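# Working through the structure, step by step
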Amino acid sequence: MGLKVVKFGGTSLASAEAFRKVKNIIEQDPNRRYVVPSAPGKRFNDDTKVTDLLYQCYEAVSNGQPYDHIFNAIKERYTSIVTGLELDYDIVCHLDHVYKTLPSTVTPDYAASRGEYLNGLLLAAYLGVPFVDAANVIFFNAQGQLDMAKTEAAIKEKLADYPRAVIPGFYGSLPNGEIKTFSRGGSDITGALVARAVNAAMYENWTDVSGIYMADPRIISQPKEISHITYSELRELAYAGANVLHEDAIYPVRQVGIPINIRNTNRPEDPGTLIISSNGNGEAESDVTGIAGRKDFVIITIEKALMHSETGFVRRLLSILEEEDISFEHMPSGIDSVSLVISECQLKGKLETVIAKIDKRLEPDKVEVFHEIALIATVGRRMVYKKGIAARLFTALAESGINIRLIAQGSSEMNIIIGIENKDFDQAVKSIYNAFVN
Ligand code: ADP
Ligand code: ASP
Ligand code: MG
């Protein structure tokens, strides 16, 4: 097996003990040459991630409030790792620098990125390998979107000089040099970008579970593990809410066919889940590969007689969303009705304006708004060939007394999406899981 890029998540680097496990894993395989760390995560249930503490620091600084007490908690996280590892490394000097620069470089992204930056320095010192600052190799354009070509070229060039290196996850830089982060969980994306640029044989993503489960382990106790999953299925599941891997981490490696292996830092002997382009001649393990969902959507349903014969209706509707800078998730339609499914946070403070514009420009007969909607995606590459899957799913929900507010099917035909009330979320996941697993 050739070169591997290994990304370690927050819980895998939350304490000195966790750092030791990481070092062991890296030393077990000389192909594990490029390491992408997250910031220290939770050590126990009520613990706070360093990234969250840094966002709190930013809030305090920008409101002109003292931030020493929050920063001290961050300092304690790093110094306890250094002490626990008996490492001769002056992390305090870097911490002091961050402390001093926070008020003058006050952006939330800069503050949050320091979690990965400091952990990267620490891990590089502990492993005895060079540190490569992500600000010099991960680039965003002026609009804040990833500049893939520039990033790939920069990583290639930089890492050509280093057979081994630690590259912190989660951030990069804008054309003006300012630090910019990906969205939460974005270290997964950094790992994928490094894997692509160095043409890795494998992208290992080490976390606190032994792979991707068929459903969220916080809802289903001991769900079945998925041994193989295709990029497309995972993309659907990750987007729908299975946040074990950031949804944008798939594209960079998928394009060049680098497999992703999700592994457990606490159980390195487990094979984990392998993510590949197709499972060759092998059958899918079951009719449904996985179930995932998110809460807090709004459905706006618009009815108008003879809508189907009115040209430009949908275009005018969508132009309202565009003007308000709102993106939508789904748009199921009937003959004389159309619904928009939009996440609650996208609509925040804009709902009244949107409805007013719809009333004025489209003159509908009726507009209804349903809040507190959850979307659940049931994903499986075999679903397209197999009869009766939808019937099983809907029967399971009906038997649990769950009212379905909306049905949508991804154009790939390997994804059935249902909209239900937030309060029915856990029960709906359980019912679907039981219908296909037990
Ligand atoms: P890391 O800090 O290592 O990046 P994350 O917290 O981002 O880890 O992702 C791992 C977590 O994802 C697991 O601890 C689990 O609670 C959650 N999770 C949600 N859905 C799933 C799923 N279908 N399979 C596995 N884990 C899942
Ligand atoms: N530390 C960042 C977060 O908590 C990025 C990551 O963990 O991937 O979101
Ligand atoms: Mg993560």
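Residues numbered from 1 in each chain as written. Chains lettered and ligands numbered in written order. Predicted model: local features only at pLDDT ≥ 70, side-chain atom pairs only at ≥ 80, totals over all residues. Heavy atoms only, no water.

## Observations regarding the overall build of the protein chain
A tally of regular secondary structure across the protein chain gives 14 helices and 14 strands. For 438 residues, the compact-globule estimate of 2.2 N^0.38 gives 22 Å, and the C-alpha radius of gyration of the protein chain, at 24 Å, lies within 12% of that figure. If one aligns the C-alpha atoms of the protein chain with their principal axes, the spans along those axes are about 75 × 55 × 40 Å. Within the span of the protein chain, comprising 438 residues, buried residues form 53% of the whole. When contacts within the protein chain are restricted to residue pairs at least 6 apart in sequence, long-range pairs at least 24 apart make up 74% of them. Counting only carbon and sulfur atoms, one obtains 47% of the accessible surface of the protein chain, whose full area is about 19800 Å². (Helix = DSSP H or I, 4+ residues; strand = E, 2+ residues; numbered from the N terminus. Rg over C-alpha atoms; globule rule 2.2 N^0.38 Å. Buried < 20%, exposed > 50% of the residue type's maximum accessible area, 1.4 Å probe, protein only. Contact = heavy atoms within 4.5 Å. Areas by Shrake-Rupley, 256 points an atom, 1.4 Å probe, with all protein chains shown as cover.)

## Description of the pairing of strand β1 (residues 4-8)
Buried residues dominate β1, accounting for 5 of its 5 residues. Neither face of β1 is open: one carries K4, V6 and F8, the other V5 and K7, and all of them are buried. Pairing of β1 with strand β2 (residues 32-37), which is carried by 5 bridges, proceeds in the parallel orientation. Residue pairing for β2: F8 is matched across the bridge by P37. In this region the chain leaves β1, passes through helix α1 (residues 16-28) and returns to the parallel neighbour β2; the handedness of that crossover is right-handed. (Pairing = 2+ DSSP bridges. Right-handed = clockwise from strand over helix to strand, strands pointing away.)

## Quick word on the environment of Y433
Turning to its location among the elements, Y433 is positioned in helix α14 (residues 425-437). For Y433, a relative accessible area of 6% translates into the label buried. Distance in space between the C-alpha atoms of Y433 and I291 is 7.2 Å, their sequence separation being 142 residues. Not counting residues up to four positions away in its chain, the partners in contact with Y433 are M214, A215, I220, Q222, P223, K224, I291 and N438. Within polar-contact distance, the side chain of Y433 engages the backbone nitrogen of K224 at 2.9 Å. (Polar contact = N/O pair within 3.5 Å; in protein donor to acceptor, adjacent residues only side chain to side chain.)

## Considering helix α6 (residues 148-159)
The first and last C-alpha atoms of α6 sit 16 Å apart over 12 residues, in line with the 16 Å expected at 1.5 Å per residue. By the burial criterion, the buried members of α6 are M148, T151, E152, A154, I155 and L159. Burial along α6 is one-sided: seen end-on, the buried residues are contained in an arc of 165°. Summarising the geometry of α6, the exposed residues directed more than 90 degrees from the buried face are A149 and E157. In this fold, the buried residues of α6 make contact with β2, β3 (165-166), α7 (187-197) and α9 (250-254). (Expected span 1.5 Å × (residues − 1). Arc of directions from axis to C-beta.)

## Things to note about the side chain of S343
By secondary structure assignment, the location of S343 is in strand β11 (residues 337-343). If sequence neighbours within four positions are ignored, S343 has contacts with D296 and F297.

## Considerations on the pattern of salt bridges
On inspection of all chains with the given rule, the structure shows 28 salt bridges. Residue R361 pairs with E323 through a salt bridge whose shortest N-O separation is 3.0 Å. With R361 in helix α12 (residues 351-362) and E323 in helix α10 (residues 313-323), this residue pair connects regions lying 38 residues apart in the sequence. Of the residues examined, E323 reaches a relative accessible area of 45% and is grouped as partly exposed. When salt bridges with common partners are traced through the structure, they connect K4, D29, R32, E204 and R263 into a single cluster. (Salt bridge = Lys/Arg side-chain N within 4 Å of Asp/Glu carboxyl O.)

## What about the sheet that holds strand β14 (residues 415-421)?
Adjacent strands of a sheet form backbone hydrogen bonds with each other and so pair up, either parallel or antiparallel. Here 5 strands make up an open sheet; going across it, the order is β11-β10-β12-β14-β13 and the pairing antiparallel. The sheet is open, and its two borders are formed by β11 and β13 (406-409), each paired with just one other strand. For this sheet, the mean angle separating the axes of adjacent strands, direction not counted, is 35°. Pairing analysis gives 7 bridges linking strand β10 (residues 290-303) to β11, with the strands arranged antiparallel. The residue bridging F297 from the neighbouring strand is S343, located in β11. (Axes fitted to C-alpha atoms, helices over the stretch in contact; angles between N-to-C directions.)

## Re unusual backbone geometry
Among all residues except glycine, the phi angle is most often negative; among peptide bonds, the trans geometry is most common. At E86, a position not held by glycine, the phi torsion is positive, near 50°. Tracing the sequence through the fold places E86 in the loop between α3 (68-84) and α4 (91-101). In this structure, N199 is a non-glycine residue whose phi angle is positive, near 55°. Here N199 shows up in the loop between α7 and β6 (202-207).

## Let's talk about the sheet that holds strand β7 (residues 228-230)
As summarised here, the arrangement of the 7 strands in space is β3-β2-β1-β6-β8-β9-β7, forming an open sheet in which the pairing is mixed. What marks the edges here is a single partner per strand, and that holds for β3 and β7. Here 3 bridges tie β7 to strand β9 (residues 273-276), and the two strands are oriented parallel to one another. Bridge pairing in β9 places H228 opposite L274.

## Some details on the site of ligand 2
Taken together, S38, K49, T51, E116, F170, R184, G185, G186 and S187 are the residues near ligand 2. Between G185 and ligand 2, the recorded distance is 2.8 Å, taken from a backbone N or O atom to an oxygen atom. Protein burial of ligand 2: of its 260 Å² of free accessible surface, 93% is covered by the chains. (Near = heavy atom within 4 Å.)

## Digging into the packing of α3 against α4
For the pair α3 and α4, the least separation of the axes is 10 Å and the interaxial angle reads 160°. Here α3 is positioned roughly antiparallel relative to α4, judged by the angle of their axes. Seen along the crossing, α3 lies across α4 with a hand that is right-handed. In this structure, α3 uses D68, F71, I74, K75, Y78, T79 and V82 to contact α4, whose residues at the interface are I91, V92, L95, D96, V98 and Y99. Here the contact of α3 with α4 is composed, by residue class, of 9 nonpolar, 1 polar and 3 charged. (Parallel < 35°, antiparallel > 145°, perpendicular 65-115°, else oblique. Left-handed = near helix turned anticlockwise from the far one by under 90°. Nonpolar A, V, L, I, M, F, W, Y, C, P; charged D, E, K, R; others polar.)

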